[in-house]
Amino acid sequence: MAQPQNNHAQNLGQALPSMIKRSLIVLAIASIIFAPTLLLRLQVSKIENTLFIQYRWVFFAIGCALILVWRLIYEFRAWQRANVPLKASSRPQSQESRFAPYVGPVLLIAAILLPFMPFTDRYILDISILIVTYVMLGWGLQIVVGLAGLLDLGYVAFYAVGAYSYALLAEHFGFGFWICLPLAGVFAATWGVILGFPVLRLRGDYLAIVTLAFGEIIRVVLLNWRDFTGGSNGLSNIPRPSFFGIPFSQGPDGFAATFGLEYSSLQRMGFLYFLILALALLTFYISSRLRKLPMGRAWEALREDEIACRSLGLNTINTKLSAFAIGAMFGGFAGSFFAAKQAFISPESFNFMESATILAIVVLGGMSSQIGVVFSSIAMVGGIEALRQLQFLKAIFGPDFDPSSLRLLFFGLAMVIVMLWRPRGFVSSRVPTVFFREKKSVGSSMISQGRG
Amino acid sequence: MTKPLLTVKDLTMRFGGLVAVDKFSFEVQAGHITAIIGPNGAGKTTAFNCITGFYKPSGGSIALHHPSRGDFSLETMEDHKISRIAKVARTFQNIRLFGGMTVLENLMISQHNELMRASMFSIAGIFGLPSYRRAEKEAIEKSMAWLKRIGIADKADDAAAALPYGQQRKLEIVRALCTDPVLLCLDEPAAGLNPKESDDLGVFLREIRDKDHVGILLIEHDMSVVMEISDHIVVLDYGRKISDGTPALVRNDAAVIKAYLGVDE
Ligand SMILES: Nc1ncnc2c1ncn2[C@@H]1O[C@H](COP(=O)(O)OP(=O)(O)OP(=O)(O)O)[C@@H](O)[C@H]1O
Ligand SMILES: [Mg+2]
């Protein structure tokens, strides 16, 4: 972004022409981008069965107007910053508010009460399960990316390993969910170490590329090893988890009958919700404990400076492998939950978009903040869902308008805005793992992001 | 005479065609401060990197004699093992602190291996067993004792990157000391310090030698510091040793004066 020059002591009148000029340049660029995305649309004429181009001038105008207004505000703020002395020094350094300690408990209580709310229906429960799954995956990946500073673009591979472990163990050995869950974690952790070994010496972009490839390799193997994984048909009839041996079925042995309740399919959903919530809380507990232990502290030191770590006697190989393994283990847990919930899995569920979404959740939430991950999962998953619901836009743009077609555009826009507003995520400061007198959080500007 | 703490023999380090260190031999006696001096690019840092395992030397041997743990051939050991097992600690020419971590956390990382054992590789730690909590408390106490000695105990909970430069240098030194070394290698510890801070540093280093019985190997350009505190000086020029002896001897060595002042042949 072109930074306006530092025009000191300019009054607004003098500064205005150049501000407008820059805004118009931005507008021109925006209109070039918007022309193919907002303005033109290929339509199929149902009557003549031909293609024709639809011009959507309203969209285009609104998009351009928004950009222009935004840029003018930006210019004005920049001018203000350069000319009006700020009382910035009085602003507290730490962005922690007084409410910070209550956020976690309130969220937890809300999460526990959610299934019992009168407004909670199947749809809300479904979305909530999805959100909590992403929270768990986010917390798992946060160990690797946020704490150890190792950029992993193939995290979904471990999710897949967990899911297929459960599905295959259940199919071939008839194991139940509760036996498969730890096994899936162990398998995923093993794969974490297998990925970790070849990438030990890689950093930054190179590490990212290899992990990306690793994620793809796992997916392609799942796709092509038909005899074992079912290929693109996937695996179906995966047994669903039971409530300590009591299935959620309609019969006399079912959950509802046993507890004298009326049968409802929501009971199974509620159970799945609490199951993933418990798994997520386990992830939270273990990873926040680990962070305060020597192992977690070593991960963070590795992110800050690997060479210094080695000079202090840290075995950086073990440190990296432990981060990969433990991060992967949580991915594996989440994966076996996913398989149990869906009862059907196929390689399609484990594509790169999934890795990218989880990574975006971590980055958006703040690399070292677990609460941040909760907010960003709600924003990402909830936001994408909310964009499906924008039916009211039809009232504005006419009945032909399909809001979901612009979903990704809105989504990208929101991401850009959030990253401009909070470049280091929602919660960017870091809470020390140990303190002598007073726990002072460390500002984001001092924290290294890790180059690998 | 007792066995030297460190015996470097014919140390050679080549980078492609460049011979950065050429058949360099010297000794560091226990209880001494030994300084390596020499013009820029002489190969001092390279020699340090060989001793501490960051480079694998092209030739020569580096023997460390630990009074209780025995003898080690450092040229065959990995860098982290040199710190952990042979107990050789080092600092860096450009400070390498964990900037986003607090001062105290920096010192806790130095005690990682003991703490890791105490936490039973995290198992005891996750369940919060008292044995681990005790070990952690001791580690904090040890860190605080060092911080008091360099006068920054009040900054224990500040981010390391927020410290003034002089204090960062000192923190890096005590971070190395927290690994309980027998030999401490300091790469230009006085660089960027003002004269008062340099003097304090000299006092501190002597204290470490005399009270804590840690041998010190020091690279330094600040001659007032070097001449003041060193027991022994080794001079390096273009990777070769050109002089070796007491400060008085080295100061008057014609070869040293020539290397530093660039007198014509
Ligand atoms: N990794 C490396 N690869 C190639 N050449 C290197 C490497 N490290 C050092 N050198 C070269 O080796 C020579 C010695 O460098 P070194 O850093 O040891 O000098 P120094 O004595 O520490 O100098 P200064 O006083 O400036 O710190 C220099 O010519 C340098 O360019
Ligand atoms: Mg040097």
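Owing to the predicted nature of the structure, the values given are computational and were not obtained by experimental measurement. Along each chain, residues carry numbers from 1 onward, in the same order as the chain's sequence is written. Here the convention is simple: chains get letters from A, ligands get numbers from 1, in the order in which they are written. In keeping with the model being predicted, local features are shown solely for residues with a pLDDT of at least 70 and side-chain atom pairs are shown and tallied solely at 80 or more, while totals for entire chains, interfaces and linings include all residues. Side-chain measures were taken over the full set of non-hydrogen atoms in the model, leaving aside hydrogen atoms and water.

Asks: Help me out: how do you make sense of the overall build of chain B in this one?
Replies: Counting its regular elements, chain B contains 11 helices and 10 strands. When the backbone C-alpha atoms are referred to their principal axes, chain B occupies close to 70 × 40 × 40 Å. Taking all 265 residues of chain B together, 56% fall into the buried category. The long-range share in chain B, meaning contacts at least 24 apart out of those at least 6 apart in sequence, stands at 65%. For helices the rule is a DSSP run of H or I covering at least 4 residues; for strands it is a run of E covering at least 2, with both sets numbered from the N terminus onward. Only protein chains enter the accessibility calculation, which uses a 1.4 Å probe; a residue whose area is less than 20% of its type maximum is buried, one above 50% is exposed, and one in between is partly exposed. In this description, contact between two residues means that some pair of their heavy atoms is separated by no more than 4.5 Å.

Asks: Would you mind showing me how to read the overall build of chain A here?
Replies: When helices and strands are counted, chain A shows 17 helices and 2 strands. Across the 452 residues that make up chain A, the buried fraction comes to 47%. Expressed as a percentage of contacts within chain A between residues at least 6 apart in sequence, the contacts between residues at least 24 apart total 72%. Residue burial considers only the protein chains on display, and all accessible areas are found by Shrake-Rupley using a 1.4 Å probe. In the form shown here, chain A has an accessible surface area of approximately 23,100 Å², with 67% of it arising from carbon and sulfur atoms.

Asks: Looking at this structure, how should I read the packing of aromatic side chains?
Replies: The description of two aromatic rings rests on the distance between their centres and on the angle between their planes. For this analysis, a ring pair means two rings from Phe, Tyr or Trp (six-membered ring only for Trp) whose centres lie within 6.5 Å, classed as stacked if their planes differ by under 30 degrees, edge-to-face if by over 60, and tilted for the remaining angles. For the structure shown, the criterion picks out 22 aromatic pairs over all chains. Aromatic pair phenylalanine 338 of chain A and phenylalanine 350 of chain A: ring centres 5.8 Å apart, planes at 75°, arrangement edge-to-face. Taken together, the positions of phenylalanine 338 of chain A in helix α13 (residues 316-342) and phenylalanine 350 of chain A in the loop between α13 and α14 (352-365) put the pair 12 residues apart, joining distant regions of the chain. Pair check on accessibility: phenylalanine 338 of chain A and phenylalanine 350 of chain A agree, each one buried. Each residue in the set Tyr155, Phe158, Trp191 and Phe214 of chain A is aromatic and connected to the rest through ring pairs, giving one cluster. Here, over-ring charges are defined by two tests on the NZ atom of lysine or the CZ atom of arginine: distance to the ring centre within 6 Å, and angle to the ring normal within 35 degrees. The ring of phenylalanine 98 of chain B carries the charged tip of arginine 175 of chain B above its face, separated from the ring centre by 4.7 Å.

Asks: In this structure, what is going on with the interface of chain B and chain A? I would like to understand it.
Replies: Where interface size is quoted, it is often the accessible area lost as the parts come together. Chain B puts 42 residues into the contact, and the matching count from chain A is 35 residues. Two parts placed together each lose some accessible area under a 1.4 Å probe, and adding up what both lose gives the buried area. Summed over both partners, the interface of chain B with chain A comes to about 3,300 Å²; 64% of that surface belongs to carbon and sulfur atoms. Salt bridges are counted wherever a side-chain nitrogen of Lys or Arg sits within 4 Å of a carboxyl oxygen of Asp or Glu. Our count for the chain B to chain A interface comes out at 5 salt bridges. For lysine 440 of chain A, the salt bridge identified is with aspartate 158 of chain B, shortest N-O distance 2.5 Å. Under the rule applied, a polar contact is a pair of N or O atoms within 3.5 Å (in protein, one hydrogen donor and one hydrogen acceptor; residues adjacent in sequence only if both atoms are side-chain atoms). Put simply, chain B and chain A have 15 residue pairs in polar contact (both at pLDDT 80 or more) between them. Residue assignment for the side of chain B that touches chain A shows that the elements contributing at least two residues are α2 (79-84), α3 (103-110), α4 (112-118), α5 (123-126), α6 (130-149) and α7 (165-177) of chain B. Per-element tally for the side of chain B that touches chain A: the top contributor is α3 of chain B, with 5 residues.

Asks: Explain the sheet that holds strand β4 (residues 59-66) of chain B here, please?
Replies: Strand pairing in a sheet relies on backbone hydrogen bonds. The paired strands run either parallel or antiparallel. All names here are of chain B. Think of it this way: DSSP has to see at least two bridges between two strands before they count as a pair. One open sheet accounts for 4 strands, arranged β2-β1-β4-β5; its pairing is antiparallel. Of all the strands in the sheet, just β2 (18-28) and β5 (70-73) have a single pairing partner and so form its edges. In this sheet, adjacent strand axes meet at a mean angle of 20° when their direction is disregarded. Alignment of strand β1 (residues 6-15) against β2, held across 7 bridges, turns out to be antiparallel. The convention used is that axes are lines fitted to C-alpha atoms, helices contributing only their stretch in contact, and that angles between N-to-C directions extend from 0 to 180 degrees.

Asks: Explain unusual backbone geometry to me, please; I cannot follow it from the model alone.
Replies: When glycine is set aside, most residues are seen to have a negative phi, and most peptide bonds are trans. Residue and element names in this part refer to chain B. A positive phi angle, close to 65°, is found at lysine 87, a residue other than glycine. The residue lysine 87 is located in the loop between α2 and β6 (88-90) in this model. On the basis of relative accessible area, lysine 87 is assigned to the buried category, the value being 10%. Phi angles above zero are rare outside glycine, and histidine 213 is one such case at about 55°. Tracing the chain through its elements places histidine 213 in the loop between α8 (195-210) and β8 (215-219).

Asks: Hey, could you run me through the coordination of the magnesium ion (ligand 2) in this one?
Replies: By definition of the ideal shapes, four donors in a tetrahedron about a metal sit 109.5 degrees apart, and six donors in an octahedron sit 90 or 180 degrees apart. All names here are of chain B. Surrounding the magnesium ion (ligand 2) are the protein donor atoms Thr45 (OG1) and Gln93 (OE1), at 1.8 to 2.1 Å. Taken together, the positions of threonine 45 in helix α1 (residues 44-51) and glutamine 93 in the loop between β6 and α3 put the pair 48 residues apart, joining distant regions of the chain. Judged by its relative accessible area of 25%, threonine 45 falls in the partly exposed class. Any N, O or S atom lying within 2.8 Å of the metal counts as a donor, and for Na, K and Ca the limit rises to 3.2 Å; water is left out, so some sites can look incomplete.

Asks: Before we go on, may I ask you to explain the domain arrangement of chain A in this structure?
Replies: Examined at the domain level, chain A breaks down into domain 1 (12-83) and domain 2 (106-421). As annotated, the domain borders come from an automatic or database domain assignment. Computed over C-alpha atoms only, the centres of domain 1 of chain A and domain 2 of chain A are separated by 37 Å.

Asks: Teacher, can you tell me more about the sheet that holds β6 of chain B here?
Replies: Residues and elements named next belong to chain B. Spatially, β6-β7-β8-β3-β9-β10 is the arrangement adopted by the 6 strands of the open sheet, whose pairing is mixed. With one partner strand each, in any of the chains shown, β6 and β10 (240-245) form the two edges of the open sheet. When strand polarity is set aside, the average angle formed by the axes of neighbouring strands in this sheet is 15°. Here 3 bridges tie β6 to strand β7 (residues 183-187), and the two strands are oriented parallel to one another. Residue pairing for β7: arginine 90 is matched across the bridge by cysteine 185.

Asks: Just to check I follow, could you spell out the confidence of the model for chain A for this structure?
Replies: For any part of a model where pLDDT is low, the fine detail of the predicted coordinates should not be relied upon. All names here are of chain A. Here pLDDT means the predictor's own confidence in every residue, given as a number from 0 to 100. The pLDDT averaged across chain A works out to 83; a share of 90% of its residues lies at or above 70. This stretch, residues 1-8, has a pLDDT under 50; its non-local contacts, to residues over four places away or in other chains, come to 17 contacts. The model gives residues 86-95 a pLDDT under 50, and that stretch makes 4 contacts with residues more than four places away or in other chains.

Asks: Can you walk me through the pattern of salt bridges in this structure?
Replies: Should the charged atoms of two oppositely charged side chains come close, the side chains can pair. All names here are of chain A. Taken as a whole and assessed by the stated rule, the structure comprises 25 salt bridges over all chains. One salt bridge connects arginine 22 with glutamate 75, and the closest N-O pair in it is separated by 3.0 Å. Taken as a pair, arginine 22 in helix α1 (residues 12-39) and glutamate 75 in helix α2 (residues 57-83) lie far apart in primary sequence, 53 residues in all. Accessibility assignment for this pair places arginine 22 and glutamate 75 in one class, buried.

Asks: Is there a simple way to think about the site of ligand 1 in this case?
Replies: All names here are of chain B. Working definition: residue near molecule or strand if any one of its non-hydrogen atoms lies within 4 Å of it. Within the structure, ligand 1 sits among 14 residues, and Asn40, Lys44, Thr45, Thr46 and Gln93 are positioned closest to it. Take threonine 46: an N or O atom from its side chain is 2.6 Å from an oxygen atom of ligand 1. In the environment of ligand 1, an oxygen atom lies 2.8 Å from a nitrogen or oxygen atom belonging to the side chain of histidine 221. When residues of the shell around ligand 1 are traced back to their parent elements, those giving at least two are β2 and α1. No other element matches the 3 residues that α1 contributes to the shell around ligand 1.

Asks: Any chance you could explain a nonpolar patch on the surface here in plain terms?
Replies: Residues and elements named next belong to chain A. A cluster of nonpolar side chains, namely Leu108, Ile109, Ile112, Leu113, Phe116, Met117, Phe119, Leu281, Phe284 and Tyr285, defines an oily patch on the protein surface of about 920 Å² accessible area. If you list the elements that add at least two residues to the nonpolar patch, you get α3 (100-113) and α10 (265-292). Looking at the nonpolar patch, the element that brings in the most residues is α3, giving 4 residues. For tyrosine 285, the position within the fold is in helix α10. What makes a patch is a set of residues exposed beyond 30% relative accessible area and free of salt bridges, joined within 9 Å when like-charged and within 5 Å when nonpolar (Val, Leu, Ile, Met, Phe, Trp, Tyr).

Asks: Got a minute to help me understand the side chain of arginine 175 of chain B in this structure?
Replies: Structurally, the position occupied by arginine 175 of chain B is in helix α7. Among buried Asp, Glu, Lys and Arg side chains, arginine 175 of chain B stands out as unpaired, with glutamate 172 of chain B the closest opposite charge at 4.0 Å. Among the polar contacts made by the side chain of arginine 175 of chain B, one reaches the side chain of asparagine 106 of chain B at a distance of 3.3 Å. The contacts of arginine 175 of chain B, once residues within four sequence positions are left out, are Ala308 and Leu312 of chain A together with Arg96, Leu97, Phe98, Asn106, Leu107 and Ser110 of chain B. Neither His nor the chain termini are counted; the positive set is Lys and Arg, and the negative set is Asp and Glu.

Asks: Would you explain the pairing of β10 of chain B in this entry?
Replies: Each regular strand displays side chains that alternate between the two surfaces of the sheet. The sheet contact formed by strand β9 (residues 232-237) of chain B and β10 of chain B spans 5 bridges and is antiparallel. Its bridge partner being in β10 of chain B, isoleucine 233 of chain B is matched across the sheet by glycine 245 of chain B.

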